[in-house]
Amino acid sequence: MTNQNLTDMAEARRRSSVDAAKLHPFVWGGEQQWQTKQRIVSVLSNDPVFNKTRRSFLGRTELYTRALAMTKRIYELKDKHGWSTEEATFAARIIDEPLPIYLHNAAFEPVLLSQGSPEVKEKYQELVAQRGIIGCYIQTEMGHGTNVASLETTATYIPETREFEINSPTLTSSKWWVGGLGKTATHGVLQARLIMPSGKDVGPHLFFIQLRSLDDHKTLPGITIGDIGPKALGGYNAVDNGYARFDHVRIPREQMLSAFASVTPEGQYVQPPHAKISYGGMMYIRSSMVVIAGWTIAKGATIAIRYATVRRQGSKGTDGLERQVITYPSVYYRLLPTLAHAYVFIVLGRNLWKAFSDMSARLAAGDTSMLAEMHATTSGLKILVSTVAIEDLETARRSMGGHGFSEFAGVGRLYADYLPAATYEGDNYVLDQQVVRAALKAYDTLIVRKTKSVSDLTPSSLYLRLLVKPDSATTQSSSMIWTDPQTSILLLEQRAAAMVAERATHQNDPDASSDTRVARAVIDAFVAVQVGEIIRGLDGTPGGREAEILRKVYLLHLLTTVESGLADILSFQLLPGSGAGRVDPSRGLRMAIKQICVELLPEAIGLTDGFGFTDWELDSALGQYDGNAYEELWRRVQMEPLNKSEVPDGYEEFIKPLLARGQRLAGRSKL
């Protein structure tokens, strides 16, 4: 009997004109990076420690222990295969579940190396690099998270002993949610309020602190540490997110991270060159969140599109087969934009990472000129990518019908692990306010006080130029050329400029949703310009037919971004025909979206193949490369522990008495 799933997937690949092999270097940042990825995945997927067969059936303690085993094995493989530190970190990241060592790699090590004192780096740098100690980033508290300025943990300087005294003065000052802290970390970078000998509070600063003994892993005196318990939806189950309280714990003066701000032995405070320079750790993580969101969406989109390609539902055609679900407009209209988001965020994230590295190098040289711009950019992008990724993963899951709710589909697991991204490293609604504050500041200096000119605008505020000298291309015509990316880019910039100007007009009495809408408009405008730059670079890499297809992918992102902002675009009458009675001025836009989706539909499988995921990486019954969804789903179901016995363990104790009671009350002894 022919397996129709296999036939449908093979035919979908045959129809696609995209050469996935040419997309691999494009999305991975070069041929060398793609080869490195393949080599590491091959090693991991063939190592029994990383086998995922039983993962779905493990409890939390078993998942944590398994995560420790995988972490240990990664560094054994590093030694065996001669991997670089970057390759070992990549190996940890490519595993599709968070590990307890994640914050060591993502925050503890980079912050310690960029902001630590020479004494701390000399003593601990090699230990940190070799994982001779394991660190975490201890910032969030039970009572405060995003509002770093209001953290309650204190670090009081004692000049007589040249020490800092770390203390948790209240229950709400307990450190909370810290990944790796609960059971794993031996050390941490701690954010605490610096209290001078005079009693003056100079705000949050960073300190290096040992948490556990390196001999027996027991918690050091004066410190109380534990795990905060299971998380919602089973997300992050393998990570020991922890709490910590400090009872007047002393640490040497040298353990203040003093590359920028410091305290002299006598107790004099030396100010940093910039007030928010200690937020570098957060900016580091936010920078990495863009590309991580891209790859996470890519996994969800790949699974959903593959399943929609082989799943058949509805009326039968002349061939006697039901229709492939991917061909329904209500399905491809939802899934193809998620594919576009992945391609945008992967490339944009890589570019942002380069910018952050440049800023870090300048900071090390004492140049803080990029700090404010990077803070505004990373805050805005963090909001955008986490919001979009969460929406896209749920969209992908729901597109798969009832099977999307199965653990074996794989998307629900991605969603549960990614969901907290809306909150960690800054709650999105609070960050909205920071984005708006930066926009209003730029507006004030350019439009109100006129202390800066258009040439002084940074990339995140470049849209404001349209308030000074409108671009000739923005003049409304009778029709919009939606096939031209510049049409959408300028429209999104116009929207941002109009909304910031409106927000400034009502600065003291904004409406309740104003900050969220204005922040999104500002972020969308920035990203649109970046997408325009990406499109212009496609002729070089990947070039050819793949460049033609990717232009449509990126254009789809721009068009759907405009569509999502129509409420404000129409409010400011930025579309021709706005306010003209019963005529829908957005119909041209929506028909352009439909057309480009139709053109991209035959390329969908080729584009998902372009990410280069193996079945081991996706771990999805429904997202199999060969399309063999139903047989793989059946195979996995047979591994369910409940299916080991025909009669369940609870039959005699619970089911049998329940049935007997019901039959007795119904007056029947036998059926």
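Our subject is the structure listed above.
Quick look at the structure, then.

### With respect to the nonpolar core
Soluble globular proteins: nonpolar side chains tend toward being buried together.
Line of reasoning, step 1. Leu44, Tyr343, Tyr554 and Leu607 are the most contacted members of the largest nonpolar core, which totals 165 residues.
Line of reasoning, step 2. Ranked by the residues each element gives to this core, the list is headed by helix H9 (residues 329–364), at 17 residues.
Line of reasoning, step 3. Aside from chain neighbours lying at most four places away, what touches Leu607 is Val18, Leu23, Leu339, Tyr343, Ile549, Leu550, Val553 and Leu600.

### Considerations on the sheet that holds strand E8 (residues 242–246)
Line of reasoning, step 1. Here three strands make up an open sheet; going across it, the order is E4-E8-E7 and the pairing antiparallel. Of all the strands in the sheet, the pair left with one neighbour each is strand E4 (175–178) and strand E7 (223–227). Taking the axes of each pair of neighbouring strands and ignoring which way they run, one obtains an average angle of 20° across the sheet.

### A look at the packing of helix H15 (residues 514–536) against helix H16 (residues 544–564)
Line of reasoning, step 1. Here H15 crosses H16 at 165°, and the two axes come no closer than 10 Å. Between H15 and H16, the angle falls in the class roughly antiparallel. Relative to H16, the crossing made by H15 is left-handed. Packed against H15, whose contacting residues are Asp524, Val527, Ala528, Val531, Ile534 and Ile535, the element H16 presents Arg551, Tyr554, His557, Leu558 and Thr561 at the interface.

### Some words on a nonpolar patch on the surface
Line of reasoning, step 1. Together, Val454, Leu467 and Val468 line one region of the surface with nonpolar side chains, adding up to about 200 Å² of accessible area.
Line of reasoning, step 2. For Leu467, the position within the fold is in helix H13 (residues 465–468).

### Observations regarding helix H4 (residues 60–81)
Line of reasoning, step 1. In this model H4 runs 31 Å from its N-terminal to its C-terminal C-alpha over 22 residues, within 8% of the 32 Å that 1.5 Å per residue would give.
Line of reasoning, step 2. Residues Leu63, Tyr64, Arg66, Ala67, Met70, Thr71, Ile74, Tyr75, Leu77 and Lys78 constitute the buried set of H4.
Line of reasoning, step 3. Along its buried surface, H4 packs onto helix H3 (31–45), helix H5 (85–94) and helix H6 (102–115).
Line of reasoning, step 4. Backbone geometry just downstream of H4 places Gly82 in the positive-phi region, at approximately 70°.

### Digging into the packing of helix H2 (residues 20–28) against H3
Line of reasoning, step 1. Orientation of H2 relative to H3, taken along the N-to-C sense of each, is 100°, at an axis distance of 7 Å. When the interaxial angle is binned, H2 and H3 end up roughly perpendicular. Seen from H2, the contacting residues are His24, Pro25 and Trp28; seen from H3, they are Glu31, Gln33, Trp34 and Lys37.
Line of reasoning, step 2. A breakdown of the residues in the contact of H2 with H3 according to their chemical character gives three nonpolar, two polar and two charged.

Conventions used here
- Residues numbered from 1 in each chain as written.
- Predicted model: local features only at pLDDT ≥ 70, side-chain atom pairs only at ≥ 80, totals over all residues.
- Heavy atoms only, no water.
- Core = buried A, V, L, I, M, F, W, Y, C linked by side-chain atoms within 4.5 Å.
- Buried < 20%, exposed > 50% of the residue type's maximum accessible area, 1.4 Å probe, protein only.
- Helix = DSSP H or I, 4+ residues; strand = E, 2+ residues; numbered from the N terminus.
- Contact = heavy atoms within 4.5 Å.
- Pairing = 2+ DSSP bridges.
- Axes fitted to C-alpha atoms, helices over the stretch in contact; angles between N-to-C directions.
- Parallel < 35°, antiparallel > 145°, perpendicular 65-115°, else oblique.
- Left-handed = near helix turned anticlockwise from the far one by under 90°.
- Patch = residues over 30% accessible without salt bridge, like charges linked within 9 Å, V, L, I, M, F, W, Y side chains within 5 Å.
- Areas by Shrake-Rupley, 256 points an atom, 1.4 Å probe, with all protein chains shown as cover.
- Salt bridge = Lys/Arg side-chain N within 4 Å of Asp/Glu carboxyl O.
- Expected span 1.5 Å × (residues − 1).
- Nonpolar A, V, L, I, M, F, W, Y, C, P; charged D, E, K, R; others polar.

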